[in-house]
Amino acid sequence: MEVAKLLTKIDKEDLRILMAIEIGMKRSEFVTVNNIKFYSRYKMEETLFRLKKVHKLGLIIRDSSKHEIAYTLNSKAYDLLALHALVEKNIISQLGPLIGKGKESDVYGCMDDNGNVYAAKFYRMGRTSFKNIKQLRDIIGERGHLSWLYVNRLAAKREYEALEKIYELKLSTPKPIGYNRHIIIMSYLRGKELIYIKNIKNPLKIFKRIIKQLKIIYKKGKMIHGDLGEFNIVVDEKGTILIIDWLQWVSTDHPNANLLLERDIENVCNYFQKKFNIESNIDEIISSFYKN
Ligand SMILES: Nc1ncnc2c1ncn2[C@@H]1O[C@H](COP(=O)(O)OP(=O)(O)OP(=O)(O)O)[C@@H](O)[C@H]1O
Ligand SMILES: [Mg+2]
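Criteria and cut-off values
Residues numbered from 1 in each chain as written. Chains lettered and ligands numbered in written order. Predicted model: local features only at pLDDT ≥ 70, side-chain atom pairs only at ≥ 80, totals over all residues. Heavy atoms only, no water. Helix = DSSP H or I, 4+ residues; strand = E, 2+ residues; numbered from the N terminus. Contact = heavy atoms within 4.5 Å. Areas by Shrake-Rupley, 256 points an atom, 1.4 Å probe, with all protein chains shown as cover. Near = heavy atom within 4 Å. Polar contact = N/O pair within 3.5 Å; in protein donor to acceptor, adjacent residues only side chain to side chain. Nonpolar A, V, L, I, M, F, W, Y, C, P; charged D, E, K, R; others polar. Domains from an automatic or database assignment. Phe/Tyr/Trp six-rings, centres within 6.5 Å; stacked < 30°, edge-to-face > 60°. Buried < 20%, exposed > 50% of the residue type's maximum accessible area, 1.4 Å probe, protein only.

Considerations on the overall build of the protein chain
Link 1 in the chain: Across its full length, the protein chain carries ten helices and 13 strands.
Link 2 in the chain: By its C-alpha atoms, the protein chain is 70 × 40 × 30 Å across when sized along the principal axes.
Link 3 in the chain: Summarising the internal contacts of the protein chain: among those between residues at least 6 apart in sequence, 63% fall at separations of at least 24.
Link 4 in the chain: Element-wise, carbon and sulfur atoms account for 50% of the exposed surface of the protein chain, whose accessible area totals about 15800 Å².

So this is what it looks like as C-alpha cells:
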C-alpha cells in the first residue's frame, strides 16, 4: 500500500503539521495557514515549508478561493496519521494486502513485530455513502459541522468498544488488538464470508453454533448485532466462524431491540434454509432468546 511507503518519507515535523490541520478540522473543513501555524506552534517559515512538502506528497488539499489560503487533510493523510500512531505504539509493524472491502471500509491484513497476523479495518464513510452517517447522527447528536474525519473516528471507536465488550464472553468475535483514529486492529480469520462459501462440511453444526453464540451475546452481553447476515460471518475451511462488523450493534434496551434481534435471526435462518436446506422454526428460536 502506498501509504505504508509514505511513512518512510515523512519527518516528525510533517506529521506535526498534519496533526495541526487535524485539530483545526474540528471547527471547519478547511484550516487557514495562520491557524495551522498556531496549532503546530511552528514559525511561519517552517509552517509554509512543511505545508509545501506534504502538499507535494499528495496529503492535503488546498483551497485558494478565499482571501486566506487554507488546507484540509485527505484520506491518505488520515491513514498516515493513524498508521503512524499504531506503529509507534507497537500494535502493528507492517501492512499487508487488501483482504476485504465492505460497504464503508477497507480491510487489510497486517502484522506485528512477533509475526502475528491481524485484520486492519479502515473506516471510509462519508464520501460514498450516507447511510451510516444518518445512524451516527443519532449517536453524535446534531452538530453544525460534521467532518468525515470525525465520523470515521467515531465509527471505529464504536466498533472497537463493541469488540471489547463481546470479547469478554470468549465467543467467535474478533479479538480487539488496538485502534487509532479510523482504524481498528483485530484478530483475523483466514476464511470467506458465508455468502461466498460453496459447500461446508456440516452446515447444521455451523448454523447451531451461530444461533448459540447470538443467544449468549444477547443474554449475557445484552447486545444485538443489528446487521447480521451472510456478509458478516466469516467461515474458514475447518468450520471456524467469526461474527464481524459490529458498528451497528445496539443494546438490548434499545427501543428497536426486538425488531433488530428478530431480523438478525431471520436473516441467518433464511439463509441457511435457502442455501443449505436447513429447516428451522424461526418463532421458536426467537422465543428461546426471550426466555430466561
Ligand atoms: N477480522 C476479520 N477477519 C477476516 N476477514 C475480515 C475481518 N474483518 C473484516 N474482514 C473482511 O472484510 C470485509 C469487510 O469488513 P466489514 O464487514 O467489517 O466491513 P463493512 O461491511 O464495510 O462494515 P460497515 O458496515 O461497518 O461499514 C468482510 O466482509 C470480510 O471479508
Ligand atoms: Mg460487512
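A closer look at the site of ligand 1
Link 1 in the chain: Surveying the vicinity of ligand 1 reveals 20 residues, the closest of which are Ser105, Lys121, Ser187, Glu193 and Asp245.
Link 2 in the chain: At a separation of 3.2 Å, a nitrogen atom of ligand 1 approaches a polar backbone atom of Leu189.
Link 3 in the chain: Within the side chain of Asn232, one N or O atom sits 3.1 Å away from an oxygen atom of ligand 1.
Link 4 in the chain: Protein burial of ligand 1: of its 620 Å² of free accessible surface, 96% is covered by the chains.
Link 5 in the chain: Sorting elements by how many residues they give to the shell around ligand 1 places strand β6 (residues 117–123) first, with three residues.
Link 6 in the chain: Across the shell around ligand 1, the residue classes break down as ten nonpolar, five polar and five charged.
Link 7 in the chain: In terms of domain composition, the shell around ligand 1 takes at least three residues from each of domain 2 (89–187) and domain 3 (192–290).

Some thoughts on the packing of aromatic side chains
Link 1 in the chain: Counted under the stated rule, the structure contains nine aromatic pairs.
Link 2 in the chain: Note on Phe207 and Phe272: the rings are 5.2 Å apart at their centroids and 55° apart in plane angle, and the pair reads as tilted. Of this pair, Phe207 sits in helix α8 (residues 203–219) while Phe272 is found in helix α9 (residues 257–276), placing the two residues 65 residues apart along the sequence. Each member of the pair, Phe207 as well as Phe272, is classed as buried.
Link 3 in the chain: Members of the aromatic cluster, connected to one another through ring pairs, are Phe207, Tyr271, Phe272 and Phe276.

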